[in-house]
Protein chains: 2
Amino acid sequence: MLPSRPGPPALPAPDLRPELSPEQARAAFREGAVSPTSGWSDGYAQANLVVVPAAYAYDVLLFAQRNPKPCPVLDVSDVGSPRTTLAPEADLRTDLPLYRIWQDGQLVEERTDVSGAWRPDLVAFLIGCSFSFEGALTRAGVPLRHVEQGRNVAMYRTAVACRPAGRLHGPLVVSMRPIPAALVSTAVRVTAGMPGVHGAPVHIGAPEALGIADLAQPDFGDPVDIGPDEVPVFWACGVTPQAVIEQARVPFAITHAPGYMLITDLPDQKLLLP
Amino acid sequence: MLPSRPGPPALPAPDLRPELSPEQARAAFREGAVSPTSGWSDGYAQANLVVVPAAYAYDVLLFAQRNPKPCPVLDVSDVGSPRTTLAPEADLRTDLPLYRIWQDGQLVEERTDVSGAWRPDLVAFLIGCSFSFEGALTRAGVPLRHVEQGRNVAMYRTAVACRPAGRLHGPLVVSMRPIPAALVSTAVRVTAGMPGVHGAPVHIGAPEALGIADLAQPDFGDPVDIGPDEVPVFWACGVTPQAVIEQARVPFAITHAPGYMLITDLPDQKLLLP
């Protein structure tokens, strides 16, 4: 009789997730757990992952330099290495909960492990994530509706074009959080102090001015309910490179799945100004 | 009888230099005027210039990402273009007061115009300069001894290694300003708010800990007298890439001469946080 194959491990209960160390969280994901990472490992920075062939690495780095709000680069791997200084023990091929594989700008697959797709010519970019400032927002009394509603954050492709770089071009992607009107200033002040994880909002209210027709239909993540005295506040989002990979038809890329981030060993506090 | 050839134009008097617009200052340099630019065009950011072949551009950009204190990138040109968004009317081949040409890591020539050395495969990096925060220091009551003494700022190669990137490696270079002991905190606070132009000091006092044996013998610029109640304060310096070009023996490069910067159209205020 064959031994039964284990399924993915049970997820830690929601109230335990903030308490997990980054190493514990990554171990759970390495073993196959799948979950958006908002609310996990409180106090530690999270990062977007963009992996491209070395032939595209300069274009990606230049795109990031020209578009620092959506693409604050926290680290770049050496060619072929799945390692990052942000989490020296982590393996970038296995330690995120969910990955996407892209060919010629098409999303071809989502996987929990990309070891089999790794190549010696790949370069990994780790880009700051707005989940990293959510702890600071909570401590400042700003509620996080997507966490309360048990959903991934809502993300939208906008009508705003990024500044192109080499072969790369594409729209700005934003994340949206509903903020009580009386706390919008607080949310601006708190996040302005963390430019390494997207910084201050790029847009407050008026989603139609960003080309967003219906907030209930995000392009990535989940729809999040907006209360009557709440304003949609938009931050530049690290999913922007995925929209660029798509629009610029990059021949090959690996990314995280939106909301399913690398949890780093870097304390959020290290991202505070000055 | 041959017409007499004009020499370089007379320099504007020191008290007029802060009043010149960036365009007027660049026009003077384009016509051949030669002067360090500290104190010129008050209120406008200045920039270090590093020009390398496209084959080295990724290494330079990655080096800058890994060493943001000495190398805060303000703009990168497209391949072959001597233009920058920081000063759209400027020509990077003529509009700085003094350039250096490097071959195989050797400084081979200083020139006031590098049009003849320009190549279609060159990429220009504009890197923030500490001269850009000198106006803010003055307004905060912090004296600038090198300006008072009519000298270029003093710069030193240190014993601190930068984080390498690809083929690039080399020491951190710092600029030094003597600051009255009671104003050192003010100087830290003012400059911490401008990370795009090197930000807060990297080191205060104790030059020997940086490997600087004699402050009276700077590696670049001029020696600056230090008063009895003054402390030497060190900022990361945009000359660092020149020490890297030398140590890593980059095959070809063009840079500004230390202290002889590009004066941009960007108001210093734009470099303030957040």
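Structure: see above.
Residue numbers here run from 1 along each chain, matching the order of that chain's written sequence. Each chain gets a letter, beginning with A, and each ligand a number, beginning with 1, in the order they are written. The predicted origin of the model limits local features to residues at a pLDDT of at least 70 and limits the giving and counting of side-chain atom pairs to 80 or more, whereas totals for whole chains, interfaces and linings rest on all residues. As a rule here, side-chain values cover all heavy atoms of the structure and leave hydrogens and water aside.

Chemist: Looking at this model, I keep getting lost on the interface of chain B and chain A. Mind explaining?
Modeler: Many authors give the size of an interface as the accessible area that is lost as the parts come together. The partner chain A presents 19 residues to the 19 residues of chain B that form the contact. Summed over both partners, buried area is the accessible surface (1.4 Å probe) that two parts give up on being assembled. Summing both sides of the interface, chain B and chain A together bury roughly 1400 Å²; the carbon and sulfur share of this comes to 58%. Among the residues chain B hides against chain A, the three largest losses belong to Tyr58, Leu61 and Gln65 of chain B. Together they make up 38% of the total. By salt bridge we mean one thing: a side-chain nitrogen of Lys or Arg within 4 Å of a carboxyl oxygen of Asp or Glu. Summed over the shared surface of chain B and chain A, the result is four salt bridges. Asp78 of chain B is paired through a salt bridge with Arg66 of chain A; the nearest N and O atoms lie 3.2 Å apart. Definition of a polar contact: a pair of N or O atoms within 3.5 Å, with one able to donate and the other able to accept a hydrogen when the atoms are protein atoms, and with sequence-neighbouring residues admitted only if both atoms are side-chain atoms. Seen at the junction of chain B and chain A, the total is eight residue pairs in polar contact (both at pLDDT 80 or more). Elements with a minimum of two residues in the side of chain B that touches chain A: helix 2 (54-66), strand 2 (73-76) and strand 5 (122-128) of chain B. Sorting elements by how many residues they give to the side of chain B that touches chain A places helix 2 of chain B first, with six residues. Here, two residues are considered to be in contact whenever any of their heavy atoms come within 4.5 Å of each other. In this description a helix means any DSSP run of H or I spanning at least four residues, a strand means any run of E spanning at least two, and both kinds are numbered starting from the N terminus.

Chemist: Mind showing me how you'd approach the relation of the copies chain B and chain A here?
Modeler: Superposition of the two copies of the chain requires a rotation about an axis and a shift along the axis. A least-squares superposition brings the copies together, and it is based on the C-alpha atoms of residues with pLDDT no lower than 70 in both. Mapping chain B onto chain A calls for a rotation angle of 180° and an axial translation of 0.0 Å; the resulting RMSD is 0.0 Å. Seen this way, the second copy is the image of the first under a two-fold rotation axis. Of the C-alpha atoms belonging to chain B, the one lying closest to the rotation axis is found on Tyr58 of chain B, 2.6 Å away. A high fraction, 100%, of the interface residues of chain B reappear at the interface in chain A, so the copies pair face to face through one surface.

Chemist: In this structure, what is going on with the sheet that holds strand 9 (residues 220-221) of chain A? I would like to understand it.
Modeler: Adjacent strands of a sheet pair through backbone hydrogen bonds, lying either parallel or antiparallel. Residue and element names in this part refer to chain A. Reading across the sheet, the five strands line up as 8-10-7-6-9 and stay open at both edges, with antiparallel pairing between neighbours. Each edge of the open sheet carries a strand with a single partner, namely strand 8 (203-204) and strand 9. A strand pair is defined by DSSP finding two or more bridges across the two strands. As judged from the five bridges shared by strand 6 (residues 154-161) and strand 7 (residues 171-180), these two strands associate in the antiparallel manner. From the neighbouring strand, Ala154 faces strand 7, where its bridge partner is Met176. Note on definitions: angles span 0 to 180 degrees between N-to-C directions of axes, and those axes are lines fitted to C-alpha atoms, for helices only across the stretch in contact. Packed on one face of the sheet, helix 5 (residues 184-192) meets strand 7, strand 8 and strand 10 (230-236) and runs near 15° to strand 10.

Without other data, these values stay purely geometric and don't point to any function.
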